[in-house]
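Now for the letters of each chain:
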Amino acid sequence: MKTLACLMLCCGLMSWPLCGQPRYKDASLPVEERVEDLLECMTLEEKILQLNQYTLGASDNANNIEEVTARIPAGIGSLIYYEENPELRNGMQRRAMEQTRLGIPILFGYDVIHGFRTVYPISLAQACSWNTDLVREACDMAAAEARRSGVDWTFSPMIDVARDGRWGRISEGYGEDPYTNAAFCTASVEGYQGSDLSSSTQVAACLKHYVGYGASEAGRDYVYTEISRQTLWDTYLPPYEAGVRAGAATVMSSFNDISGTPATCNAYTLSKVLKGQWGFGGLVVSDWAAVPQLIPQGAAADRKEAARLAVNAGLDMDMVGHCYDNYLDSLVREGAVSEERIDDAVRRVLTLKFRLGLFERPYTGEVPADQRLLLPQNRELAERLAEESIVLLKNEGGLLPLQGQRTIAVLGPIVDAPGELLGSWSGHGRGEEVCPVRDALTEEFGGTSQVLFHAGCPFDGDDRSGFASALETAREADVVVLFMGERRGWSGENGSRSCIELPEIQEEFIVEMQKAGKPMVLVLSSGRPLALQRVEPLCDAIVEMWQPGVPGGRPVAGVLSGRVNPSGKLSVTFPRTTGQIPVYYNRRQSSRPRQGLYQDIPSTPLYEFGHGLSYTSFEYGDLKLSRESVTGGETLTAEISVTNTGERDGAETVHWFISDPACRITRPLRELKHFEKQVIPAGETRVFRFGIDPARDLSFVDSDGNRFLEPGDYYIMVKDRKVRLQVY
Ligand code: NOJ
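Residues numbered from 1 in each chain as written. Predicted model: local features only at pLDDT ≥ 70, side-chain atom pairs only at ≥ 80, totals over all residues. Heavy atoms only, no water.

1. Points about the pairing of strand β26 (residues 712-718)
Side chains on a regular strand alternate between the two faces of the sheet.
Phase 1: Of the pairings in the sheet, the one linking strand β21 (residues 650-659) to β26 comprises 3 bridges and is antiparallel in character. Bridge pairing in β26 links F657 to M717.
Phase 2: Here β26 pairs with strand β27 (residues 721-727) via 7 bridges, running antiparallel. Looking across to β27, one finds that Y714 is bridged to L725.
Phase 3: Counting the residues between successive antiparallel strands, the hairpin from β26 to β27 contains 2 residues, one of them, K719, with a positive phi of roughly 50°. (Pairing = 2+ DSSP bridges. Helix = DSSP H or I, 4+ residues; strand = E, 2+ residues; numbered from the N terminus.)

Here it is as structure tokens:
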């Protein structure tokens, strides 16, 4: 009673001016002032509720097993919203606005990873497009679909550098390179958030999973990660720093144990680096039930201790873990958690709600689904992105594009499996909205060739009953196109595989089809890089179409026919065999570069990071620097000209690498620092430039995150071109 009386007095004096509404409801005041005003009115119980996230609606993800479906308190901070329409949200929001003392709106989050209803290619594929503008546009489009459907906050982008194809979540990030992840992270944050978070078509972004999750031992999910501080700074932190600089509103901590301190309760990464060194003012949410999972991880003895460790380390919101709602109150009263810490966390939650404009517009307009989802322009954008993501890995004798073949045999398990083309975490995407490979190829080639379809082979298992008839079909054709690869559930969360070769039955099928003696094209749809050593020699051409989302088979049909000139390049290395993992381009050099090689296979990967062919040819000129030596404070420009020497227009991506051959902290052989993609019409030349700022591009961080630039020789590299630059 006493507290209540105090509160009423406090709010009466400080918040409610005589004539009207509380100050925090006054939209003309700055957000900080509104937050402080509201905070002063709140009880400890109300504050703690703001630090919890529950779920609402029917879950669409088997990994998210709802623990508590009981009554959701109207004063809850956030809900994961599983519905596609805003009605349920609005009903729940009405409770928060009308049945709670302070009327604090609920924040609704959802995994809009590569699209909401219009699903576009998985992130690993998007990065192969090297087109950050297109990715920005796609995220902007996904934001509009989501926000207009009742979602204020997406748990994306995922920017975990990943170098182990066994780890299923490699599909969700932008590949093996820190710079690439940073660049696409920036684009996607800009796309999701736009310039005004309160717009009815933008959502708050969430950088995840902070941090080092991609280093999961042996590619298994949720497990331990051994990461030195130097590697943390060199490899795993840079994309997050870029995301913070781009203004990402939130961060999600990861499931992994980082060398003895789980990310969920890691004061170094959460408080010292993120909130301290980088000055991140946004909200940090845990991953799904990661707070109680501190117990099996061996960090906490019980849920109460888990709550204490996490909140004191700097974790603001407990995603469905039910540790904060159950224990923070007693922890504060016992003095184990300070009220200042609670206030800091609540301030972050409230700030986001104000920035999103939720106090002014808590409800989502109920626009009919056909006016906000899967609009023709959204589908068209997804298709363009999918086209640019496709990587032509091999094209022996110029077999592709297919032209003039009378009969084409199209075989393999992907032919009639449109749903599998959505990839993991596909929001509200629906299999029936994906263009099946069969339809796409019929449309593409139907007028010119006879197309014979036959799955012939399952994804896995040992049913070989379709082999013989598939071989007959192959014999009838002039060319055989095999659509092989992965089901969508084979990658993504909890999607680890011990072997990244194609399943035995698919490899056998390829061997069998070779008996037809016809030229063979292998089209792969996968959520990870595959180890193709055994099948590569059997195929004349290989195309990686990834998991393209709703455009399904159409983009790859365009590549096969030549309507689309492929321009994708790998964002991740393709090893020869699983045993080669980890294999990635930016490794450090060994002490004996010519020794220590594998005895049984070449030590080089099958397809390198950056590899990708086109139907035209490009010739690179000399790499030139505007100056050969600079001081640390000066800048220079590197440029290279590229000529399209082929017959047709094409797009080329130039990757700019640097190397520092001798440094007080050894450096990788090559490090990507810039990339640019340009369309070059046939016969024309384009100049590509890299504006080099040594303080930014040639400096490195030590294991505490201190940046340093050493005088000495550096190399600027494009393909096999390499020029020396002296920094003095
Ligand atoms: C667990 C996943 O790790 C994370 O990426 C996702 O955002 C949450 N579940 C919420 O669905």
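Read on for the rest.
2. Regarding the environment of E176
Phase 1: On the secondary structure map, E176 appears in the loop between β4 (153-154) and α7 (178-193).
Phase 2: With 407 residues separating them along the chain, E176 and V583 place their C-alpha atoms 9.5 Å apart.
Phase 3: Within the structure, the side chain of E176 is placed 2.7 Å from the backbone nitrogen of T573, a separation counted as a polar contact. (Polar contact = N/O pair within 3.5 Å; in protein donor to acceptor, adjacent residues only side chain to side chain.)

3. Quick look at helix α9 (residues 238-245)
Phase 1: Within α9, 6 of the 8 residues are buried, which leaves the element mostly enclosed by the surrounding structure.
Phase 2: Of all the positions in α9, only P239, Y240, E241, A242, G243 and V244 are classed as buried.
Phase 3: As for α9, its buried residues are in contact with α7, β5 (206-210), α8 (229-236) and α10 (267-277).
Phase 4: G247 sits one or two positions beyond α9 and adopts a positive phi of about 95°. (Buried < 20%, exposed > 50% of the residue type's maximum accessible area, 1.4 Å probe, protein only. Contact = heavy atoms within 4.5 Å.)

4. Focus on the packing of helix α11 (residues 303-313) against helix α12 (residues 324-333)
Phase 1: Contact geometry of α11 with α12 gives a least axis separation of 9 Å together with a crossing angle of 75°. Judged by the angle between their axes, α11 and α12 are roughly perpendicular. Along its contact with α11, which presents R303, K304, A307, R308, A310 and V311, the element α12 presents Y324, Y327, L328, S330 and L331. (Axes fitted to C-alpha atoms, helices over the stretch in contact; angles between N-to-C directions. Parallel < 35°, antiparallel > 145°, perpendicular 65-115°, else oblique.)

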